[in-house]
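Spelled out, the chains give:
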Amino acid sequence: RDRKVENLLARAQSIQREREEAESRLRVLEDAEGAIQLAIESEDFDGAREFLSSARERCGELPELDAIARRIEEAEQRKLESDILSLLSEARALADENRFAEAIDTLEHALALRPQDDGIRRALAATQRAQQRHEREQEARRAVGEAAARLRGLVADGKLEEAAAELEPACETWGETAELT
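Treat the numbers as computed from the prediction; the structure is a model and nothing was measured. (Residues numbered from 1 in each chain as written. Predicted model: local features only at pLDDT ≥ 70, side-chain atom pairs only at ≥ 80, totals over all residues. Heavy atoms only, no water.)

Asks: A description of the environment of Glu176 should follow, citing residues and the corresponding values.
Replies: Within the element layout of this structure, Glu176 appears in the segment after helix H6 (160-174). Discounting residues that sit within four places of it in the chain, Glu176 has contacts with Cys171 and Thr181. (Helix = DSSP H or I, 4+ residues; strand = E, 2+ residues; numbered from the N terminus. Contact = heavy atoms within 4.5 Å.)

If you want it as structure tokens, here you go:
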């Protein structure tokens, strides 16, 4: 009979320990969930993963922790998508203002966040081409301005034949622009 009582008492103590351990795991899990949620909201995904790792060490592998890990990953992906969209929008605005070097830097930053994205690669290549085209146009405007100034100087000095001789090749090179004609 004493043996039966001892067995029952030992079993009751074992159940009590298991219950206390389960309650402790639940508290750790709840604390971790709160800390992880705060870290996610402040976009501290590394911190959230550290809290998750600590919870795994204290609680072991639990389905609830797997779900939390997925939440961290999903939040990080949403942030990445948002960052990339912002960078693409910023690059577009910069390119529209002919601020190509800044637009290219911005697109390179976006590409660094998602190196496999062909859309970002195409946008970067198009912006680089636009920059080159813009630089060529700027150079052409500068050259036309210089040629026009030289022609005006020749005309002002009365060197009409020399001006006429320089006008023809300038028009062939740069076209008959308002500045040259």
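Further notes follow.
Asks: An account of the environment of Gln138 is needed here, citing residue identities and associated values.
Replies: For Gln138, the location among the structural elements is in helix H5 (residues 118-156). Classification of Gln138 by relative accessible area gives partly exposed; the value is 38%. Polar contacts involving the side chain of Gln138 include one to the side chain of Arg141, which spans 2.4 Å. (Buried < 20%, exposed > 50% of the residue type's maximum accessible area, 1.4 Å probe, protein only. Polar contact = N/O pair within 3.5 Å; in protein donor to acceptor, adjacent residues only side chain to side chain.)

Asks: Describe H5, with residues and values.
Replies: Look at H5: 56 Å from first C-alpha to last across 39 residues, which is about the 57 Å you get at 1.5 Å a residue. For H5, the set of buried residues is Ile120, Leu124, Thr127, Ala130, Gln131, His134, Ala143, Val144, Ala147, Ala148, Leu151 and Leu154. On its buried face, H5 sits against helix H3 (63-96), helix H4 (100-113) and H6. The backbone nitrogen of Gly119 has a side-chain oxygen 2.8 Å away, supplied by the residue at the start of H5, namely Asp117. Looking one or two places after H5, you find Gly158, whose phi comes out positive at around 80°. (Expected span 1.5 Å × (residues − 1).)

Asks: Go over unusual backbone geometry with me, naming the residues and quoting the values.
Replies: Residues other than glycine predominantly adopt negative phi, and peptide bonds predominantly adopt the trans conformation. You will see that Glu43, though not glycine, has its phi angle at about 60°, which is positive. Looking at the element boundaries, Glu43 is found in the loop between helix H1 (2-41) and helix H2 (45-59). Positive phi values are uncommon outside glycine, yet Asn98 reaches one of about 60°. By the element assignment, Asn98 lies in the loop between H3 and H4.

Asks: Could you give an account of the nonpolar core, with specific residues and numbers?
Replies: Grouped together as the largest cluster of nonpolar side chains are 16 residues, with contacts concentrated most on Ile36, Ile40, Ala48, Leu52, Leu65, Ile68 and Ile72. Of the residues forming this core, the biggest block, 6 residues, is contributed by H1. If we ignore the near neighbours within four places in the chain, the residues touching Leu65 are Leu29, Leu52, Ala55, Arg56, Cys59 and Gly60. If you look at the next biggest cluster of nonpolar residues, it comprises 15 residues, including Leu87, Leu94, Ala103 and Leu107. (Core = buried A, V, L, I, M, F, W, Y, C linked by side-chain atoms within 4.5 Å.)

Asks: Give a detailed account of the environment of Arg136, specifying residues and quantitative values.
Replies: Mapped onto the elements, Arg136 comes out in helix H5. Note: C-alpha distance between Arg136 and Phe45 (91 residues apart in sequence) is 45 Å.

Asks: Could you give me a rundown of the pattern of salt bridges, with the residues and numbers involved?
Replies: Pairing of side chains with opposite charge becomes possible as their charged atoms draw close. The final tally for this structure, using the stated rule, is 16 salt bridges. Notably, a salt bridge pairs Glu76 with Arg49, separated by 3.0 Å at the nearest N-O pair. Remark: Arg49 occurs in helix H2 and Glu76 occurs in helix H3; sequence separation between them is 27 residues. With a relative accessible area of 32%, Arg49 lands in the partly exposed category. Here Lys79 ties to Asp83 by a salt bridge, and the two come within 2.6 Å at their closest N and O atoms. Here the residue Lys79 and the residue Asp83 both occupy positions in helix H3, the gap between them amounting to 4 residues, near one helical turn. (Salt bridge = Lys/Arg side-chain N within 4 Å of Asp/Glu carboxyl O.)

Asks: Report on the side chain of Thr106, specifying residues and quantitative values.
Replies: Its place among the elements puts Thr106 in helix H4. On the basis of relative accessible area, Thr106 is assigned to the buried category, the value being 9%.

Asks: Which residues make up the packing of H4 against H5, and what values go with them?
Replies: H5 packs onto H4 with a crossing angle of 165° between their chain directions and a minimal axis gap of 10 Å. In terms of their interaxial angle, H4 and H5 are classed as roughly antiparallel. Considering only the axes of H4 and H5, their crossing is left-handed. Counting all contacts with H4, which are made through Phe100, Ala101, Ala103, Ile104, Leu107, Glu108, Ala110 and Leu111, the residues of H5 involved are Ile120, Arg121, Ala123, Leu124, Thr127, Gln128, Ala130, Gln131 and His134. (Axes fitted to C-alpha atoms, helices over the stretch in contact; angles between N-to-C directions. Parallel < 35°, antiparallel > 145°, perpendicular 65-115°, else oblique. Left-handed = near helix turned anticlockwise from the far one by under 90°.)

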